[in-house]
Amino acid sequence: MNFPTSITYWSHFVTIAMFALGLLGFLLRRNAIVVLMCIELMLNAVNLFLIETSMRTNTPDGIILVVFVVTVAAAEVAVGLGIILNLYRLKGTVNLDHFKSLQG
Amino acid sequence: MEWTDLIITAVKTAVIYLGMVQVVPIMLIVERRGAALMQDRPGPNRVGPFGLFQPIADVIKMMMKEVTVPRQVNKALFLLGPFLVLFPASLVIAALPFGDYFTLLGRDYLLQVANIDVGILYVLAIGSLGIYGILFGGWASNNKFSLIGAMRSSSQIISYEIPLGLAACSAVLWYGSFSLREMVYTQEGTFLGILPNWGFFYQPIGFLLFFIAAFAETNRLPFDLPETEAELVAGFHTEYGPMDFGTFFMAEYMNMATMSGLMVAMYFGGWHLPWVSDVTLLQWLGSRNLLAALQVVTVIVKISVFMLMFVWVRWTLPRFRFDQLMRLAWRNLIPIGLINLVITALIMYFRSAQ
Amino acid sequence: MEAFLPVGFLLIFALLLCVGLFTVKRLLGPRNPVSSKLSVYECGVASPEGNARAPFKTSFYLIAVLFLLFDVEAAFFFPWALVYRESLAEGPALLIAMLIYMGLLVLGLVYIFRKDCLKLN
Amino acid sequence: MREVLFIAFSLFTIGAASGVLLSRNPVYSAFSLILSFFGLSGLYLLWGSTFMAMIQILIYTGAIVVLFVFVVMLLNLQTNRENSSNIVFLGVVSASVWLFSLIILRVLTRSIPNKILEIPENQLRTISKLLFTRYLWPFEILSFFLLVMIIAIFAITRTQEIAHGGEK
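A brief look at the structure comes next. (Residues numbered from 1 in each chain as written. Chains lettered and ligands numbered in written order. Predicted model: local features only at pLDDT ≥ 70, side-chain atom pairs only at ≥ 80, totals over all residues. Heavy atoms only, no water.)

By size, the foremost hydrophobic cluster in this structure holds 245 residues, and its most contacted members are A:Leu81, B:Ile120, B:Tyr122, B:Phe210, B:Trp330, C:Phe77 and C:Trp80. When we break this core down by domain, the ones giving at least three residues each are domain 1 (2–134) and domain 2 (135–168) of chain D. B:Ile8, B:Phe102, B:Tyr109 and B:Ala292 belong to the second-largest nonpolar core, a separate cluster that totals five residues. (Core = buried A, V, L, I, M, F, W, Y, C linked by side-chain atoms within 4.5 Å. Buried < 20%, exposed > 50% of the residue type's maximum accessible area, 1.4 Å probe, protein only. Domains from an automatic or database assignment.)

Residue and element names in this part refer to chain B. In total, this model carries seven salt bridges over all chains according to the counting rule given. For Arg-107, the salt bridge goes to Asp-5, with nearest N and O atoms at 2.9 Å. Of this pair, Arg-107 sits in strand β2 (residues 107–112) while Asp-5 sits in helix α1 (residues 3–38), and the two are 102 residues apart along the sequence. Taking the shortest distance from any N to any O, the salt bridge between Arg-181 and Asp-100 comes out at 3.3 Å. Pair noted here: Arg-181 is in helix α7 (residues 180–186) and Asp-100 is in strand β1 (residues 97–104), with a separation of 81 residues, a long-range link. Sharing partners across several salt bridges, the network here consists of Asp-100, Arg-181 and Arg-288. (Salt bridge = Lys/Arg side-chain N within 4 Å of Asp/Glu carboxyl O. Helix = DSSP H or I, 4+ residues; strand = E, 2+ residues; numbered from the N terminus.)

Right, let's get into the environment of B:Met63. The topology assignment puts B:Met63 in helix α2 (residues 54–64). In this structure the C-alpha to C-alpha distance between B:Met63 and B:Trp312, which are 249 residues apart in sequence, comes to 29 Å.

What follows covers unusual backbone geometry. Backbone geometry at B:Asp40 places phi at a positive 55°, although glycine is not the residue there. Position of B:Asp40 relative to the elements: it lies in the loop between α1 and α2.

In this complex, chain A contributes 70 residues to the contact, which on the side of chain D involves 84 residues. Around 7,200 Å² of area is buried between chain A and chain D when both sides are counted, 78% of it from carbon and sulfur atoms. The tally of links from chain A across to chain D stands at one salt bridge. A:Asp61 is the partner of D:Arg134 in a salt bridge, and the nearest nitrogen-oxygen pair spans 2.4 Å. Remark: the boundary between chain A and chain D carries six residue pairs in polar contact (both at pLDDT 80 or more). (Contact = heavy atoms within 4.5 Å. Buried area = accessible area lost by both parts, 1.4 Å probe. Polar contact = N/O pair within 3.5 Å; in protein donor to acceptor, adjacent residues only side chain to side chain.)

Okay, helix α5 (residues 130–140) of chain B next. With eleven of eleven residues buried, α5(B) lies mostly within the body of the structure. Looking at the buried positions of α5(B), the neighbouring elements they touch are α3 (75–91), α4 (119–127) and α6 (144–175) of chain B together with α2 (26–47) and α3 (50–74) of chain D. B:Asn142 sits one or two residues past α5(B) and shows a positive phi near 45°.

Right, let's talk about the pairing of β1(B) for a bit. Residue and element names in this part refer to chain B. Bridging between β1 and β2 involves five bridges; their strand directions are antiparallel. Note that in β2 the partner of Leu-104 across the bridge is Arg-107. Counted between consecutive antiparallel strands, the loop separating β1 from β2 contains two residues, among which Leu-105 sits at a positive phi close to 50°. (Pairing = 2+ DSSP bridges.)

The subject of this paragraph is the interface of chain B and chain C. With 81 residues of chain B in contact, the opposing surface of chain C contributes 64 residues. The contact between chain B and chain C buries some 6,800 Å² in all, and 77% of this surface belongs to carbon and sulfur atoms. Taken together, chain B and chain C are joined by zero salt bridges. Linking chain B with chain C are two residue pairs in polar contact (both at pLDDT 80 or more). Listed by contribution, the elements that provide at least two residues to the side of chain B that touches chain C are α1, α2, α3, α4, α6, α11 (242–267) and α14 (322–353) of chain B. Of all the elements, α6(B) adds the most residues to the side of chain B that touches chain C, at 18 residues.

Here the focus is the packing of aromatic side chains. What the rule picks out here adds up to 35 aromatic pairs over all chains. Geometrically, the ring pair formed by B:Phe102 and B:Tyr109 is tilted, given 6.0 Å between the ring centres and 35° between the ring planes. When sorted by exposure, B:Phe102 lands in the same class as B:Tyr109, which is buried. Relative to C:Phe78, the ring of B:Phe178 has its centre 5.9 Å away and its plane inclined at 55°; by these criteria the two rings are tilted. Remark: C:Phe78 occurs in helix α3 (residues 59–87) and B:Phe178 occurs in the loop between α6 and α7; the pair is interchain, linking two chains. Assessed through its relative accessible area of 1%, B:Phe178 is described here as buried. With a relative accessible area of 3%, C:Phe78 lands in the buried category. Three or more aromatic residues link up through ring pairs in this structure, and these residues are B:Trp198, B:Phe200, B:Phe201, B:Phe207, B:Phe210, B:Phe211, B:Phe215, B:Tyr267, B:Phe268, B:Phe306 and B:Phe310. Against the face of B:Trp174 rests C:Arg85, its NZ or CZ located 5.3 Å from the ring centre. (Phe/Tyr/Trp six-rings, centres within 6.5 Å; stacked < 30°, edge-to-face > 60°. Lys NZ or Arg CZ within 6 Å of the ring centre and 35° of its normal.)

Topologically, C:Phe76 is positioned in helix α3. For the pair formed by C:Phe76 and C:Ala3, sequence separation is 73 residues and the distance between their alpha carbons is 24 Å. Excluding anything up to four places from it in sequence, C:Phe76 contacts A:Val67, A:Phe68, A:Thr71, C:Tyr101, D:Leu131, D:Phe132, D:Phe139 and D:Leu142.

What follows covers the packing of α3(C) against helix α6 (residues 136–156) of chain D. Following both chains from N to C, one finds α3(C) and α6(D) inclined at 175°, their axes separated by 11 Å at the closest point. Here α3(C) lies roughly antiparallel to α6(D), going by the angle between them. The segment α3(C) lies against α6(D), with C:Leu62, C:Val65, C:Leu66, C:Leu69, C:Phe70, C:Val72, C:Glu73 and C:Phe76 engaging D:Phe139, D:Leu142, D:Ser143, D:Leu146, D:Met149, D:Ile150, D:Ile153 and D:Phe154. Of the residues belonging to the contact of α3(C) with α6(D), the class tally is 14 nonpolar, one polar and one charged. (Axes fitted to C-alpha atoms, helices over the stretch in contact; angles between N-to-C directions. Parallel < 35°, antiparallel > 145°, perpendicular 65-115°, else oblique. Nonpolar A, V, L, I, M, F, W, Y, C, P; charged D, E, K, R; others polar.)

Looking now at the side chain of B:Asn197. Residues and elements named next belong to chain B. Note on placement: Asn-197 falls in the loop between β4 (195–196) and α8 (199–202). Residue classification places Asn-197 among the buried positions, given a relative accessible area of 13%. Polar contacts involving the side chain of Asn-197 include one to the main-chain carbonyl oxygen of Glu-188, which spans 2.9 Å. With residues near it in sequence (within four places) discarded, Asn-197 still touches Thr-186, Gln-187, Glu-188, Gly-189, Thr-190, Phe-191 and Tyr-202.

Our focus in this paragraph is a nonpolar patch on the surface. A surface patch of nonpolar side chains, amounting to about 860 Å² of accessible area, comprises B:Phe50, B:Leu52, B:Phe53, B:Ile56, B:Ile60, B:Met64, C:Leu27 and C:Leu28. For the nonpolar patch, the elements supplying multiple residues, two or more each, are α2 of chain B together with α1 (5–28) of chain C. Per element, the largest residue contribution to the nonpolar patch is three residues, and it comes from α2(B). Its place among the elements puts C:Leu28 in helix α1. Given a relative accessible area of 40%, C:Leu28 falls into the partly exposed group. (Patch = residues over 30% accessible without salt bridge, like charges linked within 9 Å, V, L, I, M, F, W, Y side chains within 5 Å. Areas by Shrake-Rupley, 256 points an atom, 1.4 Å probe, with all protein chains shown as cover.)

Structural data, given as structure tokens:
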């Protein structure tokens, strides 16, 4: 099985693998901060795919969309970490297993 | 890119990088003699003629002293901390223009490590990575003093990065391009007959902002609070051994040199002599490489003027308190940066409206 | 992409310097770890109670968040500054757009000073 | 030459990204997040999009991960005592993710043209012009969005002391 060396191939590999790793970490890790980092990974995988497509088809709109995605991701992290700080103040821990008050 | 190109660019990069690394020992002796001069004492003059070998003695002393890595420390980040400050500090040099270009073997090579078309953005982006060395160093050494010192130092650097960005942005607004090389090109000639056509006369407030923020970025006095000897024992590098302390110092001096190089390129006309245009210089000097050498000398002289200013301010101004520091950044510098941006935009609009 | 080739060289030289400094420290420095040297640095009354990383005021977190939000806003000034000079020919459209953008930003700054959450004054 | 660099940067990014999941201590996962962002900006540079590489380093590595490290330092987290079996399991699964995505791609990419594109000149000005002509309204809304964010942040973190609490 020979692997082609075209740039588009390898950037798709990075996108799929990075998104999968981010999703994996998001679902399995118990530390709230690492979960937020994995969300960042997923967002960056999508950014990479957008940039690669916009550069390949020579349309700059993809890059502007990525700039907007970056600002929204920044705001999302700011609020997410604010919530985590409050959770820490509530329970003294960021381990997600301890936040089960909603369970029936 | 044939092989000769690669080799020449590699040698050029090496020469520029070593030139920047040489700033550290020179600044060691200049700082101590300058401080001594201001405090009316002779300063280090025992080692070699006029104390010129003092930096060599300091460096050897730092290397020979014992290395203690405390037990309760996160080893990986502790050992990596100082290099995380040194690494971005040495990468920022790539955007600084030292001269126009020189010809070798019939081809023109830029007197600049790389002609990056996003010059200012590159400098701001890589410059903002210096925080990690301080954060990881302070956190990994697991010591109350170093943790508080790391937090204070990085929040100070953070708060002063926004005015730095705003000042750089108003310069980009005026010059209309990111690349530092184009900025220096537009600063040739004279303005109103007598003044040299430098950015300082178009952006005085922008320069002032950049100058103040440059002090804060390099943790120099009067923004020296994180390493105050009195309160926090030495801030984030309390637990570090001698050579790491030397690395932090080397990174600080390289940051100072880069910041001065930036201020020279953006506000003080880069490699242009004040009232003499490059073309007339070329006629006087004849060969292109001689002109390139003169340009490099003018840039080095201008950078050293700024470095002396860093030293001069360090030994005259008292230190800020932490909340005064933050208040200056958030209440005064950021609004001034925004106002400066608006004023530049309005002036450009009215000038173009005629 | 060619413009960043010399930056690659600079990267390699910086790595060489860092590795050089690291090995110099390892080789030249004498090493006899006495337990007193390896303990935490304490000045004054030694009180190693628990982990040194005690949490403290949230104003550090607020400074970092505000830096993040204002850094994102400052990043939008750069593309505007780049094309502002050419856009002046077609009239003040870009100027007004930026004044609105900056007005809302200044509103955020005023909100910060009014709520005084950074304990600035 | 570009393909070799591209493959190197891709593997570096994936390695650092899997480091985010597998590292025991949140600070080490933040550090590997920084490395993966460096790999990403290297990929953008290889594509020729220097503006995006600089934005990636300026905002992601220069501000967002700084906030992560600040919070981790503030929250006094000892090395989290997640049971190590969880980490080992994660390691095995992430390795399989690597292979799985390679195989899927190998099957899918029979059709993608193997063309190396030439880099559009002066991409900076086209993006900025486009940003202020076609995308002017999202730009204005964004400033309002960030203002709302500032107010939301203050509403969330009322500024009294964090209770002195270690990991329970």
